[in-house]
Amino acid sequence: MSTLRLPALRLPTLRLSTLPLPTLRQSALGLALSMAATTSAQASDVEVLHWWTSGGEARAANVLKELLEAEGYGWEDFAVAGGGGETAMTVLKSRAMSGNPPSAAQIKGPEIQEWGELGLLGDLDDVAAEENWDALLPEVVADIMRFDGHYVAVPANVHRVNWLWANPEVLDAAGVEMPTTLDELFTAGEAIREAGFVPLAHGGQAWQDATVFESVVLGSQGVDFYRQSLVELDPEALGSDQMIEALETFKRLRELMDEGMPGRDWNIATNMVIEGDAGFQLMGDWAKGEFTAAGLTAGEDYLCAAAPGSEDAFSFNIDSLAMFRVNDDGEREAQQALARLVLEPTFQEAFNLAKGSIPARPDLDMSEFDSCAEQSLADFQRTAETGGLVPSMSHGMAVRADVQGAIFDVVTNYFNDANMPADQAAERLVSAAQMASF
Ligand code: BGC
């Protein structure tokens, strides 16, 4: 039986991505526009569901829209606001249940398998064979894109989740350096508070709490423990003293956050760092898309480093577009074109420059990318060799959606409840993982 959760439906916030894209248009689209002349103009539309609605994300999504349109296909934007994509997934499920899924949707990790099991995905084997995806993609990436041996999704990027972002002017004003351990983060945070800034920008939403929690587990307990607890869901690890310690450290981080955090969107928190109101943010590198959109330069106007204590880990989060099974030949052709474009160098470069991630295919020229992206790529390759490359639990790469939802509930309830002790939260994590396996 499938474990796909069909949560209570909430009214979605639909928003069109309409932001202008001057620089990317100039650099990436010239080639595509010249190719457009050679393709037929009577192709069909693709409706694409995604949650790329922040400034940086919308610039990135526009790259795909423009490339597709340049080949004569129509892009119907189905953007559902809400970081981490929970609302988007709820909307997608309701569309699928009513027998009317979009042509393509931002679906990631094990959830691709869940949709595949429901028999709703169409295959991309022809385009994958023509474009030689087997040779292009690292096996760890290709594996996630296949269901039952067939390609059903195409990867757009590789995000790293365990990052710390900082405003160097705030750090200077407080007389602190970029921390490399959690203890250093707490010490630096106190100095930043004394200097009159918010130490750690955060948005109090379940997925953001889980994003920070994941980095604290990695940074305080290491890769093996992370894998045992949050990937393999080993009950002993979930209920262990190590987990209790990680939970306590995680909750201490509240001391570095401000009172305005409940409900705050992640990009508003990033903006606090951009504006110099806050020193740090613990967030995946889609935050870099916001720094880039604000015209800032990595290593000068803002700093990046592995989340404290986690430099030997890389928690990966791969965005991908899965294609739904469709009957219309024109729509199917448009889906194949979309999938082909996503892996072509033009898209991979322009999209990832705007998105903050690194390309999904490792053979590309990285000369246009900044120092944080270079570090990301080097760390991806290094950790792939050393065993530090781990799937992100908080971004749907490690466990199925129902388990992830149950873990989110425990983590966020614990984080927001001054009276819940860490050992009780650890016990609840054990139950969450067990209940979810039924
Ligand atoms: C997605 C990113 C997105 C982020 C914030 C993550 O789960 O993988 O593409 O930018 O959520 O919405």
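Residues numbered from 1 in each chain as written. Predicted model: local features only at pLDDT ≥ 70, side-chain atom pairs only at ≥ 80, totals over all residues. Heavy atoms only, no water.

Peer 1: What am I meant to see in the overall build of the chain here?
Peer 2: Looking only at helices and strands, the chain features 19 helices and 14 strands. When burial is assessed residue by residue, the chain has 59% of its 438 residues classed as buried. Taking contacts inside the chain between residues at least 6 apart in sequence as the whole, the part at least 24 apart equals 78%. Carbon and sulfur atoms make up 48% of the accessible area of the chain, which amounts to about 17200 Å² in all. (Helix = DSSP H or I, 4+ residues; strand = E, 2+ residues; numbered from the N terminus. Buried < 20%, exposed > 50% of the residue type's maximum accessible area, 1.4 Å probe, protein only. Contact = heavy atoms within 4.5 Å. Areas by Shrake-Rupley, 256 points an atom, 1.4 Å probe, with all protein chains shown as cover.)

Peer 1: It is not clear to me how the pairing of strand β2 (residues 74-79) should be interpreted in this structure. Could you clarify?
Peer 2: Regular strands show a simple pattern: their side chains alternate between the two faces of the sheet. When strand β1 (residues 45-50) meets β2, the two strands line up parallel, connected through six bridges. In the strand pairing of β2, H50 is matched with A79. (Pairing = 2+ DSSP bridges.)

Peer 1: Explain the state of the cysteines to me, please; I cannot follow it from the model alone.
Peer 2: A covalent bond between the sulfur atoms of two cysteines is what we call a disulfide. Inspection of the entire model under this criterion finds one disulfide. Across the disulfide, C304 is cross-linked to C372 (sulfur-sulfur distance 2.2 Å). Across the S-S bond of C304 and C372 the torsion is about -110°, and the bridge reads as left-handed. On the criterion of sequence distance, the pair formed by C304 in strand β11 (residues 303-306) and C372 in helix α17 (residues 371-386) is long-range, its members being 68 residues apart. Each of the two residues, C304 as well as C372, counts as buried. (Disulfide = S-S within 2.5 Å.)

Peer 1: Help me understand the environment of A337, please; the structure alone is not making it clear to me.
Peer 2: Assignment of secondary structure puts A337 in helix α15 (residues 329-343). The exposure class assigned to A337 is buried, which follows from its relative accessible area of 3%. The sequence separation of A337 and L67 amounts to 270 residues, and the corresponding C-alpha distance is 9.9 Å. When near neighbours in sequence (up to four residues on either side) are disregarded, A337 contacts L68, E71 and Y73.

Peer 1: How should I be thinking about α15 in this particular structure?
Peer 2: Structurally, the α-helix is built with 3.6 residues per turn, so residues lying three or four positions apart point the same way. With 15 residues, α15 extends 22 Å from end C-alpha to end C-alpha; this agrees with the ideal 21 Å at 1.5 Å per step. Taken residue by residue, α15 has E331, A334, Q335, Q336, A337, L338, A339, L341, V342 and L343 as its buried positions. The distance from a side-chain oxygen at the start of α15 to the backbone nitrogen of G330 is 3.1 Å, and the residue carrying that oxygen is D328. (Expected span 1.5 Å × (residues − 1). Polar contact = N/O pair within 3.5 Å; in protein donor to acceptor, adjacent residues only side chain to side chain.)

Peer 1: Sorry, what's going on with the site of the ligand here?
Peer 2: In the vicinity of the ligand there are 14 residues, among which E57, K108, D319, K355 and H395 approach most closely. Between the ligand and the protein, one listed contact pairs an oxygen atom with a side-chain N or O atom of E57 at 2.4 Å. Between an oxygen atom of the ligand and a side-chain N or O atom of K355, the distance comes to 2.7 Å. Burial of the ligand by the surrounding chains reaches 100%, relative to a free accessible area of 310 Å². Of the residues that constitute the shell around the ligand, the class distribution is four nonpolar, six polar and four charged. For the shell around the ligand, the two domains that each supply at least three residues are domain 1 (16-157 + 319-369) and domain 2 (160-316 + 386-436). (Near = heavy atom within 4 Å. Nonpolar A, V, L, I, M, F, W, Y, C, P; charged D, E, K, R; others polar. Domains from an automatic or database assignment.)

Peer 1: Please clarify how the pattern of salt bridges should be interpreted in this entry.
Peer 2: Considering all chains together, one arrives at 18 salt bridges under this definition. Between R95 and E47 there is a salt bridge; the shortest N-O distance is 2.8 Å. One end of the pair, R95, is in helix α3 (residues 86-97); the other, E47, is in strand β1, and 48 residues separate them in sequence. Its relative accessible area of 16% is what places E47 among the buried residues. Across the pair E117 and R400 runs a salt bridge whose closest N-O atoms are separated by 3.1 Å. Residue E117 is found in helix α4 (residues 110-117), and its partner R400 is found in the loop between β14 (389-391) and α18 (401-416); the two are separated by 283 residues along the sequence. Take R400: its relative accessible area is 25%, and that puts it in the partly exposed class. Each of D134, E139, D143 and R146 takes part in a single network of salt bridges with overlapping partners. (Salt bridge = Lys/Arg side-chain N within 4 Å of Asp/Glu carboxyl O.)

Peer 1: I'm lost on the nonpolar core in this one. Help?
Peer 2: Nonpolar side chains in soluble globular proteins tend to end up buried together. W165, F213, M243, L247, L253, F280 and L429 are the most contacted members of the largest nonpolar core, which totals 80 residues. Of all hydrophobic cores here, the second largest spans 68 residues; its members include L124, L136, A153 and A156. (Core = buried A, V, L, I, M, F, W, Y, C linked by side-chain atoms within 4.5 Å.)

Peer 1: Which parts of the structure should I look at to understand the sheet that holds strand β3 (residues 104-106)?
Peer 2: Across a sheet, paired strands are connected by hydrogen bonds in the backbone, their directions being either parallel or antiparallel. Strand order in the open sheet made by the five strands is β2-β1-β3-β13-β6, with mixed pairing throughout. Where the open sheet ends on each side, the last strands, each with one partner, are β2 and β6 (153-155). Ignoring which end each strand starts from, the neighbouring axes of this sheet average 20° apart. Pairing geometry for β6 and strand β13 (residues 320-323), over three bridges, is antiparallel. In the strand pairing of β13, P155 is matched with S320. Against the sheet, α15 makes contact with β1, β2, β3, β6 and β13, and its axis sits at roughly 55° relative to β1, the strand it touches most. (Axes fitted to C-alpha atoms, helices over the stretch in contact; angles between N-to-C directions.)

Peer 1: Is there a simple way to think about the packing of α15 against helix α16 (residues 345-355) in this case?
Peer 2: The geometry of a pair of packed helices is captured by two quantities: the angle between their axes and the separation between those axes. Relative to each other, α15 and α16 sit at 65°, their axes nearing to 4 Å. Judged by the inter-axis angle, α15 sits roughly perpendicular to α16. Residues L341, V342 and L343 of α15 form the contact with α16, whose own contacting residues are P345, F347 and Q348. Here the contact of α15 with α16 is built from residues that sort into five nonpolar, one polar and no charged. (Parallel < 35°, antiparallel > 145°, perpendicular 65-115°, else oblique.)

Peer 1: I'm lost on the packing of helix α10 (residues 206-231) against helix α12 (residues 241-252) in this one. Help?
Peer 2: Where α10 contacts α12, the axes come no closer than 9 Å and their chain directions differ by 160°. Accordingly, the angle class assigned to the pair α10 and α12 is roughly antiparallel. The handedness of the crossing between α10 and α12 comes out as right-handed. Taking contact as the criterion, the partners of D209, V212, F213, V216, V217, S220, Q221, F225, S229 and L230 in α10 are, on α12, Q242, M243, E245, A246, L247, T249 and F250. A class-by-class count of the residues in the contact of α10 with α12 yields ten nonpolar, five polar and two charged. (Left-handed = near helix turned anticlockwise from the far one by under 90°.)

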